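Each chain is listed here by its residues.
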Amino acid sequence: MSLTGIGVAGCGRMGAPMLAALRAAGFNALGYDVRPPAAFGPLAPHMRALPDFADHVQTLITVVRDIAQTDDVLFGAQNLATAPHLQTVIISSTLSPRYVTALRHRLPDHLTLIDAPMSGAAIAAQQARLSFMLGGDSAALDRHQPLFDAMGAHFHRMGPYGSGMQAKVLNNLLAASNTAMTRLVLDWADANGIDETALLNLIHTSSGQNWFASHFNDIEFARDGHGADNSISILVKDIASALDAAPPQSDTTLPETVQATLRTLAQRR
């Protein structure tokens with residue numbers, strides 16, 4: 001199958017650099033977003049209004065924020081599930097695994113479905129070194145691997161469709177936990193007169209090492225407080241996605257505590 005008609009729906013902090021990476025790799029990829037094309041600077045010539053985007057798209061990559069926006073893209077306001085040439089839907093948002101699995105029964109049987117959530121934050125998207133957690137038929141993943149190669153550096157095939165999303169929400173439980181605890185540790189260090197840079201250097205080479213602490217000065221949301229539409233609130237949403245698919249009778253006290261802690265984060269100077 002020739003990989004033509006690539007479309008990225010949701011060109012925000014992750015989707016826009018993913019679109020740029022696809023184009024840099026030579027793909028005729030176009031973007032769609034609820035914001036007007038003029039808002040996208042150098043990418044503006046490659047953004048399309050809905051009718052043109054729907055007519056173009058054969059392989060749809062969705063990178064919108066949540067379930068409600070994904071439903072809008074596929075079935076609601078954008079209704080791209082009925083795009084005339086659509087062949088493949090790649091879900092790259094982080095969503096409830098239950099929701100993602102159920103899409104198989106809501107979308108036409110002829111469509112290939114791949115779940116391909118990614119990790120690495122905006123900095124990794126901008127540098128085309130995302131980590132993808134992939135779920136789907138092996139042959140379908142093989143056919144679409146050139147797209148992932150263009151956007152990422154690490155690829156983890158987790159099993160059949162839906163398993164990539166399950167792996168992603170488990171990974172994000174750890175990411176959220178590291179975020180909450182690292183921020184607490186830094187606040188306590190401030191109160192005890194310990195220099196932030198010195199402590200982060202220590203953590204990076206010691207048993208407390210974690211991705212959030214090691215990349216604290218590169219991660220765009222590292223110092224943010226909780227806000228309605230920022231990355232900290234996305235972590236809160238991602239914990240909810242993991243809880244939605246928790247095994248029966250699981251003890252959810254710890255993830256719920258982390259979620260509550262993230263909701264209380266204030267801006268760090």
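So, here is what we can say about the structure in this document. (Residues numbered from 1 in each chain as written. Predicted model: local features only at pLDDT ≥ 70, side-chain atom pairs only at ≥ 80, totals over all residues. Heavy atoms only, no water.)

## A closer look at the nonpolar core
Selection rule: Note on terminology: a nonpolar core comprises buried Ala, Val, Leu, Ile, Met, Phe, Trp, Tyr and Cys residues joined through side-chain atoms within 4.5 Å. Whether a residue is buried, partly exposed or exposed follows from its accessible area with a 1.4 Å probe, protein chains only, as a fraction of its type maximum: under 20%, in between, or over 50%, in that order. By definition, any uninterrupted DSSP run of H or I lasting at least four residues is a helix, any uninterrupted run of E lasting at least two residues is a strand, and each is numbered from the N terminus. Two residues form a contact once any of their heavy atoms are found within 4.5 Å.
The biggest cluster of nonpolar side chains holds 33 residues, and the ones touching the most others in it are Met-18, Leu-22, Ile-61 and Phe-132. Looking at this core, the elements with two or more residues in it are β1 (6–9), α1 (15–24), α5 (121–126), β7 (130–135) and α6 (138–151). Sort the elements by how many residues they give to this core and α6 lands first, with 6 residues. Those residues within four positions of Leu-22 in sequence are excluded, and the remaining contacts are Ile-6, Val-8, Phe-27, Ala-29, Ile-61, Leu-147, Ala-150 and Met-151.

## Considering the layout of surface pockets
Heads up, the rule is: Here the term cavity refers to a set of points on a 1 Å grid, laid over the protein atoms alone, in which a 1.4 Å probe fits but cannot get out; the term pocket refers to an open set having protein on both sides within 12 Å along at least five of seven lines, with lining residues being those that place an atom within 4 Å of a point. Grid points are joined across faces, edges and corners, and a volume is the space filled by probe spheres set on the points. Classification convention: Asp, Glu, Lys, Arg as charged; Ala, Val, Leu, Ile, Met, Phe, Trp, Tyr, Cys, Pro as nonpolar; all other residues, Gly among them, as polar.
In this structure, the largest pocket encloses a volume near 1,200 Å³. In terms of lining residues, the largest pocket is bounded by 46 residues, among which Arg-13, Met-14, Met-118, Ser-231 and Ile-234 are the most central. Those elements giving two or more residues to the lining of the largest pocket turn out to be α3 (67–74), β6 (118–119), α5, α7 (163–191), α9 (211–214) and α10 (231–244). In terms of residue count, the dominant contributor to the lining of the largest pocket is α7 (7 residues). Looking at side-chain class alone, the lining of the largest pocket contains 18 nonpolar, 18 polar and 10 charged residues. Its boundaries defined by the atoms lining it, the second largest pocket holds a volume of some 270 Å³. As for the second largest pocket, its lining consists of 13 residues, of which Ser-177, Ala-180, Met-181, Leu-254 and Val-258 are closest to the centre.

## Re the packing of α10 against helix α11 (residues 253–263)
Just so we agree on the cut-off: Fitted lines through C-alpha atoms give the axes, limited to the stretch in contact for helices. The angle between two N-to-C directions lies from 0 to 180 degrees. In what follows, roughly perpendicular refers to angles from 65 to 115 degrees, roughly parallel to angles under 35, roughly antiparallel to angles over 145, and oblique to any angle outside these ranges. Crossing handedness follows the turn of the near helix against the far one: under a right angle anticlockwise gives a left-handed crossing, and clockwise gives a right-handed one.
Following both chains from N to C, one finds α10 and α11 inclined at 160 degrees, their axes separated by 9 Å at the closest point. Classified by the interaxial angle, the pair formed by α10 and α11 is roughly antiparallel. The two elements α10 and α11 meet at a crossing, and its hand is left-handed. Touching Ile-232, Leu-235, Val-236, Ile-239, Ala-240 and Leu-243 of α10 are Pro-255, Glu-256, Val-258, Gln-259, Leu-262 and Arg-263, all from α11. Split into classes, the residues belonging to the contact of α10 with α11 amount to 9 nonpolar, 1 polar and 2 charged.

On their own, these measurements won't tell you what the molecule is for.
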